[in-house]
Every structure is written in structure tokens, then in C-alpha cells.
Amino acid sequence: MTDPRAGSESRSTAVTRRGFVALAGSATLAGCNAFGGDSGDDGPTIDPEAYADALSTDPPSVAETLPVDVEQSHLDASAERARQSLSSVPAPFDASEIPNGAIRADLSRRYEGATEELETAPDAGSAVETMARLRDARASARNVAGAWAAIDEGLTADDVLATAPGVRDDVDGFRRRWRYVGDDPVRAVLVHAEIEGFVAFAVRRTRSAVERSSHESGGPLTVGELAGHVEGARAALDDAEYLFERFAESLDDSRRIRDGLESAVEQLAGTLDDRRESLPEGDPDDASSFVDRDVEGTPVASALTGLTRAFEYADGLDDERATGQLASAVRSVHETLIRIRAFELLRERVANDDHVTVESADDVRTIRERAFEAVESSVESDPLTRRFLSEIGSDFAYTEDRLAGYADDDEISAAWLDRDLGRYVLIAALARATPGVSEGVADVVRRTV
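Predicted, not measured: the structure shown is a model, and the values here were computed from it.

Comments concerning the overall build of the chain
- A count of helical and extended segments in the chain gives 17 helices and two strands.
- Residues counted as buried form 55% of the 449 residues belonging to the chain.
- Sequence-distant contacts, at least 24 apart, represent 83% of the contacts inside the chain between residues at least 6 apart.
- Surface summary for the chain: the accessible area is close to 19200 Å², and the carbon and sulfur share equals 45%.

Take a look at the structure:
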């Protein structure tokens, strides 16, 4: 979910893959911004104590990993860069330093947020996640430092923007050095997709800084945000260069694989087109139109509706093919094929009456545990599957927070829970679908790359 701190480089906007559940379709999430999914005037209610007990087990933790060893020295260097930015800022601020109370409060929040990002980065579940948090910390710290420099030294937006061409030049230089190489096709896809994402993000951030400067005031907070954008781009490029260097050094055979990747993308895109053609017709706003019974007002309906809205987008596949992001295109097809298979599995469950309608705390427990067990049983099956399932951490946390929000009510309407529990139905279906789809995609990649 988006970090509420102004100017923050939260994970939802930083260099990561798309949200695990969010990109399965906006419908599932869109309806959940309001509290509950129904007025709760009709239907069964759930005892709060039994409900709390149903939520007592913890979701599984799936650390985000990459098949590249990240050295502690690289993480330390990234952390030091963020630390240096923060050291230039005389926080906590007082009225003599920043007379404007609103700016002082905003900058204080940004400083606290950047400090927290830096301090908690080592607590991440893996080196890859720590690296991501440090990218955020670097951007956030530079945001604060830039705003303070605008106040204390007269730093301007033009001064910040003058540094953007240097980042763009370095991106271009890296692109000229970067080659699609690898000795294990699946490993190569995973690593190069990550690098592609870093490079694309760096380009977007520098472009965004220039575009924002053209229509925003040059106040200190704006200067800070521009500085954070440029530093975010630099951090992404640093990680791209590092990963490529480490990956290339690890190879026994540095053979070029670009032509093979292009062939894999073409074959997989053709498979995706065929799978889309085989899908049943229905109304994306009416989950019951895809099954043989009325499922409206149930968790499975939310899951089905979310999935049907994802098939045509294919996670940006058209743009990735147009811009030559070949490894990312492989992953986009992989992810969309997973969603199609998950949709089919949910339809089969409905046909077999193997879906849960929420009427009691036991139903809440069943839906949650099915999702947890599906992820735990699938996650170690292969590298593609693990990478896909590693992205669910924020979705588990978000859904748990949503469900916990009802626990203090004197009476809980079961109807309130349909959409939030629909996320768990969706996660379970995706986790069950992933290993089989991963096997098929990996087979194409190994045969062509």
C-alpha cells in the first residue's frame, strides 16, 4: 500500500514488480476502500471473540530473493549514502530554523520517515528486500536534505534539475555495457527482469523530476521532492549496475541470449493469446456470469471479478515488448497465465461446491488457512514460482490489517468480510496455479534461450 509520507519512495511506487493481488484486477481492491462491503443489516453475524481466535494464526512469510549474492558491502554503501544525506539536516527543527509551522511539521515527518526506513532496512527478510528498502531510504533522505538545503542554502529546483542529465547519461552508459547473457535461462530471466525494472525506473524518475518542475512552485518541499526523485533514479541505477556485475561474474558461460529471449517472448505471447481466446464470455462486473450459479456477495465472487479484469492487461506486456524489455515480458506472460489458470481453478471450485460462504468464524479461519497452506506448499517448487509468490507480503499485511479492523466491534456482520476474504481466496487460487504454469513457462524458456 502507498506510504502516506509526502515525498516518500514507498515500495508501491519504487522498483518492484506489480502488487501480487492488486494487479489481479482493480475491482477487488476498489470496493474495499469503504469500510466493509455491505451494510450488514441482513445475514449472519460473528461473535467477536470467536472472530479474533480465527485470526490468531500468522500468515506465512515469503522472503523476496534473487539468484545473485548481494554483498554486505553494497548494502553498507547504500546505507551510508542515505546516512550522509540525513547528517546534513539539523533535526529536530525549531521555529528559528523553519519559521513556517506547516513546512516545519512536514519536513519533520519526512525526516522521521527517512530515519525509520534507514534503521529498519536491516530487518528485511532477505538481502534483496534490504536493498529495496535502502533505495527508498536514500530517496527519502535526499528529499529531506534537499528541502533543508533550499531553506538554509538557497538550493533551487533548477540546481537539482541540473543533476538529472548526469543520471540519464549514466543510464545510457550502462545500457551500452549491459548485455543479455546467462548460462541458466530461467536464472537469467529473473536477474535481467530485475535489471530492466531498475533501468526503467531510473528513466521514469528523472523524467518525472523534469515534468514536475514545470508546473509546481519552487518552494523548499518541492525542491526536496525533486531531489528525492533524482536520488531514487541514482539508487536504482546503482543497484542495476551492481546486480549485472555480480551476475556476470558468477557465470561459467557468458553466452549471449538475446535472440533466444526474443523467441521465448514470441512463443509465450502466442500461448497467452490462445489462452485468452479459450476463456468463457461473461460480464466482468458479474462474477456469477462466469459460473453456473449465483455467487454474488461471497469471497469467491470478489476473487473471480478481480481476475477477469487482469487478463487483457498482461501486466504491461505490450509496452515491454515495444521497449525491448524481454525478460520482463517473459515474467508478464508468466504472471498473466497464472491468473488465467487461477480463474479456471476457482470456476472448478464453484462447480464442485468447494468454495466457502462466510457465515461463521470457522469460515473465516478456513479461508485464511487455505491461502496460507496454498502458499506454503507451492513456494519452494521452483525459482519462477518463488519469485512470484514472494510478492504477497504486503498483500497479506494489508488484508490482515483490514480484517483486524473489525475485531473491536460488538457484533461483526459476515457480509462485511466478503471482499477482504476474497483476497485470500484469490491468493490461494494463484498459489495453486503457479507451479504448473511456472513449469510450462520454464520449459519454453529452456528450449529457446
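Anyway, onward from the coordinates.
Regarding the nonpolar core
- Ile 46, Tyr 51, Ile 195, Val 364, Leu 417 and Tyr 424 are the most contacted members of the largest nonpolar core, which totals 123 residues.
- Sorting elements by how many residues they give to this core places helix α17 (residues 418–448) first, with 15 residues.
- Within the second largest apolar cluster, ten residues are counted, among which are Val 89, Ala 147, Trp 148 and Leu 221.

A word on the pattern of salt bridges
- For the structure on display, the rule yields 34 salt bridges.
- Arg 246 serves as the salt-bridge partner of Glu 249, at 4.0 Å between the closest nitrogen and oxygen. Note that Glu 249 and Arg 246 are positioned in helix α9 (residues 220–250) at a spacing of three residues, about one turn of the helix.
- Given a relative accessible area of 52%, Glu 249 falls into the exposed group.
- Linking Arg 258 and Glu 262 is a salt bridge whose minimum nitrogen-to-oxygen distance equals 3.5 Å. Of this pair, Arg 258 and Glu 262 both sit in helix α10 (residues 258–277), four residues apart, roughly one helical turn.

Let's talk about helix α8 (residues 185–213)
- With 29 residues, α8 extends 42 Å between its outermost C-alpha atoms, agreeing within 8% with the 42 Å of an ideal straight helix rising 1.5 Å per residue.
- Within α8, 21 of the 29 residues are buried, leaving the element largely enclosed by the surrounding structure.
- Its side-chain oxygen placed 3.1 Å from the backbone nitrogen of Val 186, Asp 184 serves as the N-cap of α8.

What to know about the confidence of the model for the chain
- Here the chain averages 89 in pLDDT, and 89% of its residues register 70 or above.
- Mean pLDDT per element in the chain: helix α1 (residues 26–30) is the minimum at 39, and helix α3 (residues 72–87) is the maximum at 98.
- Contacts from residues 22–40, a stretch scored under 50 in pLDDT, to residues over four places away or in other chains number 47 contacts.

About the criteria used
- Residues numbered from 1 in each chain as written.
- Predicted model: local features only at pLDDT ≥ 70, side-chain atom pairs only at ≥ 80, totals over all residues.
- Heavy atoms only, no water.
- Helix = DSSP H or I, 4+ residues; strand = E, 2+ residues; numbered from the N terminus.
- Buried < 20%, exposed > 50% of the residue type's maximum accessible area, 1.4 Å probe, protein only.
- Contact = heavy atoms within 4.5 Å.
- Areas by Shrake-Rupley, 256 points an atom, 1.4 Å probe, with all protein chains shown as cover.
- Core = buried A, V, L, I, M, F, W, Y, C linked by side-chain atoms within 4.5 Å.
- Salt bridge = Lys/Arg side-chain N within 4 Å of Asp/Glu carboxyl O.
- Expected span 1.5 Å × (residues − 1).
- Polar contact = N/O pair within 3.5 Å; in protein donor to acceptor, adjacent residues only side chain to side chain.
- pLDDT = per-residue confidence, 0-100.

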